[in-house]
Amino acid sequence: MKQFISVHDVANINALAKKALAYKAAPFKDKNLGANKRIGCLFLNPSMRTRLSTQIAAQNLGMEAIVFNVGSEGWSLEFEEGAIMNGTTVEHVKDAAPVMGNYFDILAIRTFPSLKNREEDYSEQTIKQFIKYAGIPVVSLESATLHPLQSLTDVITIKETFWETRKPKIVLTWAPHVKPLPQCVANSFSQWITAWGEADFVVTHPEGYELDEQFTTGATITHNQDEALKDADFVYVKNWSSYKDYGQVLSKDTSWMLTNAKLALTNKAKVMHCLPVRRNVELSDAILDGPNSLVTQEASNRVWAAQAVLSEILAPVP
Ligand code: CP
């Protein structure tokens with residue numbers, strides 16, 4: 001694996017998930033794989049789980065992880081080709097990224113979208129500029145449109161939880177939120193579950209919240225949440241802002257919050273959320289604190305997903 005930006009960088013999802021679960025069973029089995037190697041983890045935006053789990057994963061492989069909060073501690077970066085830098089930006093990515101490429105063996109980057117300019121966000125300019133100029137493998141810690149480490153985690157959490165021989169029914173449901181959030185987690189989850197191809201996948205949301213079709217092709221899409229939830233084995237809850245009316249909050253309809261009454265429509269579904277979650281806005285206390293919630297297991301699995309990806313980059317399978 002040369003980079004990890006989306007599901008398209010993965011040759012075999014099941015093999016990568018198996019590798020992640022093998023690390024869960026034996027975290028230190030490859031403790032020398034990353035000896036004398038360094039990963040730089042650049043955060044242009046906040047994080048808790050991604051930051052900690054990636055550092056732990058690197059350390060489990062014997063690799064040194066250096067975290068740099070570029071957004072709050074670094075020079076303000078310019079990404080525009082040919083920019084006349086007489087404004088607020090101090091350093092161009094084409095100068096900063098090659099230096100980082102010399103300091104590190106792998107560069108991992110978190111960068112959120114602006115939610116102001118769809119074309120710009122969906123061009124993934126920031127992470128692509130790092131790929132272009134760093135000259136070393138780049139791992140997405142969540143980019144403008146995707147969150148692949150979260151999605152790999154979600155697949156392994158589903159695989160380790162569902163033991164029946166039939167396909168599980170997985171429902172991605174929109175939930176209300178107080179502010180506009182990126183589409184990244186929903187895009188990425190849809191992209192991975194459809195590429196995985198081992199589930200009946202339904203996406204449900206209010207009108208106007210349709211995701212970019214490139215990520216949802218193959219999914220059943222409905223505005224009827226109750227219908228979607230019927231017989232579900234997994235319900236993945238997430239808010240996202242509108243893709244069509246880009247970055248806008250079109251609904252705060254509280255009836256979309258998953259509750260135990262709605263969960264009764266499902267096949268005793270397990271409930272997933274990437275966290276952080278707004279309690280009693282996106283998901284009720286009763287669900288988050290109840291027996292169907294997978295959120296802690298899911299977040300804990302972030303370590304094994306990151307470890308599998310770093311291991312693939314350090315020692316690609318021929
Ligand atoms: N799920 C997730 O990416 O969490 P953080 O934003 O805390 O890293």
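Note that this is a predicted model, so its numbers are computed, not measured.

## Thoughts on the overall build of the protein
For the protein, the helix and strand inventory stands at 14 helices and 11 strands. Scaling as 2.2 N^0.38, a compact globule of 318 residues should have a C-alpha radius of gyration of about 20 Å, and the protein matches this with 19 Å. With the C-alpha coordinates of the protein rotated into their principal frame, the extents come out at 55 × 50 × 30 Å. Out of the 318 residues belonging to the protein, those deemed buried represent 55%. Of all intrachain contacts in the protein linking residues separated by at least 6 positions in sequence, the fraction that spans at least 24 positions is 79%.

## Focus: the domain arrangement of the protein
According to the domain assignment, the protein contains domain 1 (7-146 + 302-314) and domain 2 (150-299). Put simply, the middle of domain 1 and the middle of domain 2, counted by C-alpha atoms, are 25 Å apart. The interface is formed by 27 residues belonging to domain 1 together with 33 residues belonging to domain 2. Both sides of the domain 1 and domain 2 interface together cover about 2,500 Å² of buried area, and 64% of this is carbon and sulfur. Linking domain 1 with domain 2 are 1 salt bridge, by the criterion used here. The partner of Lys 24 in a salt bridge is Glu 160, and the shortest N-O contact between them spans 3.0 Å. Our enumeration of links across domain 1 and domain 2 arrives at 12 residue pairs in polar contact (both at pLDDT 80 or more). When residues in the side of domain 1 that touches domain 2 are grouped by element, the largest group, 7 residues, is from helix H1 (residues 13-25). When grouped by side-chain class, the residues that make up the side of domain 1 that touches domain 2 number 15 nonpolar, 5 polar and 7 charged.

## Details of unusual backbone geometry
The residue after Leu 275, namely Pro 276, is reached through a cis peptide bond having omega 0°. One non-glycine residue, Glu 124, lies in the positive phi region at around 55°. Relative to the assigned elements, Glu 124 resides in the loop between helix H5 (118-122) and helix H6 (125-134). By relative accessible area, Glu 124 is classed as buried at 9%.

## Quick word on the packing of helix H4 (residues 93-103) against H6
Two elements in contact, H4 and H6, have axes whose closest approach is 8 Å; the angle formed by their N-to-C orientations is 60°. Relative to H6, the element H4 is oriented oblique. Crossing hand, H4 versus H6: right-handed. For the pair formed by H4 and H6, the contact residues are Val 93, Lys 94, Ala 97, Pro 98, Met 100 and Gly 101 on the first element and Gln 129, Phe 130, Tyr 133 and Ala 134 on the second.

## Details of the sheet that holds strand E5 (residues 106-110)
The 4 strands lie next to each other as E2-E1-E5-E6, forming an open sheet whose pairing is parallel. Every interior strand has two partners, whereas the edge strands, strand E2 (64-68) and strand E6 (138-140), have only one. Neighbouring strand axes in the sheet, compared pairwise and without regard to direction, differ in orientation by 20° on average. Bridge analysis of strand E1 (residues 38-43) against E5 gives 5 bridges, and the strand direction is parallel.

## A look at the packing of aromatic side chains
For any pair of aromatic rings, the description rests on two quantities: the centre-to-centre distance and the angle between the ring planes. With the rule as written, the count across this model stands at 10 aromatic pairs. Both rings, one in Trp 174 and one in Tyr 209, keep their centres 4.7 Å apart while their planes meet at 45°; by these two values the pair is tilted. Taken together, the residues span a long stretch of sequence, with Trp 174 in strand E7 (residues 169-174) and Tyr 209 in the loop between strand E8 (200-204) and helix H9 (213-216) at a distance of 35 residues. The two residues Trp 174 and Tyr 209 agree in class, both being buried. One aromatic cluster in this structure is built from Tyr 122, Tyr 243 and Tyr 246. Directly above the aromatic system of Tyr 23 lies the positively charged group of Lys 29, at a separation of 4.9 Å from the ring centroid. The ring centre of Tyr 243 lies 4.0 Å from the NZ or CZ of Arg 118, which sits over that ring.

Here is what the cut-offs are and how they apply
Residues numbered from 1 in each chain as written. Predicted model: local features only at pLDDT ≥ 70, side-chain atom pairs only at ≥ 80, totals over all residues. Heavy atoms only, no water. Helix = DSSP H or I, 4+ residues; strand = E, 2+ residues; numbered from the N terminus. Rg over C-alpha atoms; globule rule 2.2 N^0.38 Å. Buried < 20%, exposed > 50% of the residue type's maximum accessible area, 1.4 Å probe, protein only. Contact = heavy atoms within 4.5 Å. Domains from an automatic or database assignment. Buried area = accessible area lost by both parts, 1.4 Å probe. Salt bridge = Lys/Arg side-chain N within 4 Å of Asp/Glu carboxyl O. Polar contact = N/O pair within 3.5 Å; in protein donor to acceptor, adjacent residues only side chain to side chain. Nonpolar A, V, L, I, M, F, W, Y, C, P; charged D, E, K, R; others polar. Axes fitted to C-alpha atoms, helices over the stretch in contact; angles between N-to-C directions. Parallel < 35°, antiparallel > 145°, perpendicular 65-115°, else oblique. Left-handed = near helix turned anticlockwise from the far one by under 90°. Pairing = 2+ DSSP bridges. Phe/Tyr/Trp six-rings, centres within 6.5 Å; stacked < 30°, edge-to-face > 60°. Lys NZ or Arg CZ within 6 Å of the ring centre and 35° of its normal.

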